[in-house]
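# A closer look at the structure
One-letter residues, chain by chain:
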Amino acid sequence: VLPYTNARVNVVVNDFAVELKSLLTDPRLCDDDYLFFNDDPLSPPPDNVDIISDINTGEAYLKTYECLIDQSRRQVLLPVIFYIDAATTSQFSSLPVTALNFTLGV
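First, a word on scope: everything that follows refers to the structure included in this document. Computed from a predicted structure; not experimentally measured. (Residues numbered from 1 in each chain as written. Predicted model: local features only at pLDDT ≥ 70, side-chain atom pairs only at ≥ 80, totals over all residues. Heavy atoms only, no water.)

## Description of the nonpolar core
Operational definition: Here, nonpolar core refers to any group of buried Ala, Val, Leu, Ile, Met, Phe, Trp, Tyr and Cys residues whose side-chain atoms link them within 4.5 Å. Summary of the burial criterion: residues with accessible area below 20% of their type's maximum are buried, those above 50% are exposed, and those between are partly exposed, where the area comes from a 1.4 Å probe applied to protein chains only. Should any heavy atoms of two residues lie within 4.5 Å, those residues are counted as being in contact.
Counting 5 residues, the largest nonpolar core consists of Phe 37, Tyr 61, Tyr 65, Ile 69 and Leu 77. Contacts of Phe 37, omitting those with residues within four sequence positions, involve Ser 43, Pro 44, Pro 45, Pro 46, Asn 56, Thr 57 and Tyr 61.

Below, the structure written as structure tokens:
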């Protein structure tokens, strides 16, 4: 029930685990789409990154990898990136719809 208007609305909710699996098993993805170092998901980032070119070469990614990943345990850093996208459904933008989306940084 919406505040002020007391209107009853349907809200679409998706299961995160199902959607995550959908992204990880999407048949449209090919090897060139992944951001692995040396084409190996278990390969660590290089010691020196001279060019920031994508999510996996930025300072936040590199420091997070260093803090969280234990190479001896065959771990992979999997960034989950959330973003919102708004749209309006009325002439004067009085009925906004904001979708929460996510993608993976692999």
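## Structural notes on a nonpolar patch on the surface
The condition is simple: Nonpolar side chains (Val, Leu, Ile, Met, Phe, Trp, Tyr) are joined into patches within 5 Å and like charges within 9 Å, using only residues with over 30% relative accessible area and no salt bridge. Methods summary: accessible areas were calculated by the Shrake-Rupley approach with a probe of 1.4 Å, and residue burial reflects only the protein chains presented. Each reported salt bridge corresponds to a side-chain nitrogen of Lys or Arg within 4 Å of a carboxyl oxygen of Asp or Glu. Counting from the N terminus, the helices are DSSP H or I runs at least four residues long and the strands are E runs at least two residues long.
A cluster of nonpolar side chains, contributed by Phe 16, Leu 24, Leu 78, Val 80, Phe 82, Ile 84 and Leu 100, occupies part of the molecular surface with about 670 Å² of accessible area. Elements with a contribution of two residues or more to the nonpolar patch: helix H1 (16-24) and strand E1 (80-88). Sorting elements by how many residues they give to the nonpolar patch places E1 first, with 3 residues. Mapped onto the secondary structure, Val 80 falls in strand E1. In this structure Val 80 comes out as partly exposed when scored by relative accessible area, which is 33%.

## A few points about the pattern of salt bridges
Within the structure shown, the criterion is met by 2 salt bridges. Its salt-bridge partner being Asp 26, residue Arg 28 comes within 2.7 Å of it at the nearest N-O pair. Under the relative-accessibility criterion, Arg 28 is labelled exposed at 71%. The closest approach of N and O atoms between Glu 59 and Lys 63, which form a salt bridge, is 2.8 Å.

## Some remarks on the packing of aromatic side chains
Where two aromatic rings form a pair, the distance of their centres and the angle of their planes describe that pair. Defined as follows: By convention, a stacked pair of Phe, Tyr or Trp rings (six-membered ring in the case of Trp) has centres within 6.5 Å and planes under 30 degrees apart, an edge-to-face pair has planes over 60 apart, and any other such pair is tilted.
In the structure shown here, the tally under the stated rule is 5 aromatic pairs. Seen from their ring centres, Tyr 61 and Tyr 65 are 6.4 Å apart, and the 25° between their planes marks the pair as stacked. In this pair, Tyr 61 and Tyr 65 both sit in helix H2 (residues 59-68), 4 residues apart, roughly one turn of the helix. A residue is classified by how much of its surface remains accessible, and Tyr 61, at 11% relative accessible area, is buried. Three or more aromatic residues joined by ring pairs form one cluster here, namely Phe 16, Phe 82 and Phe 102.

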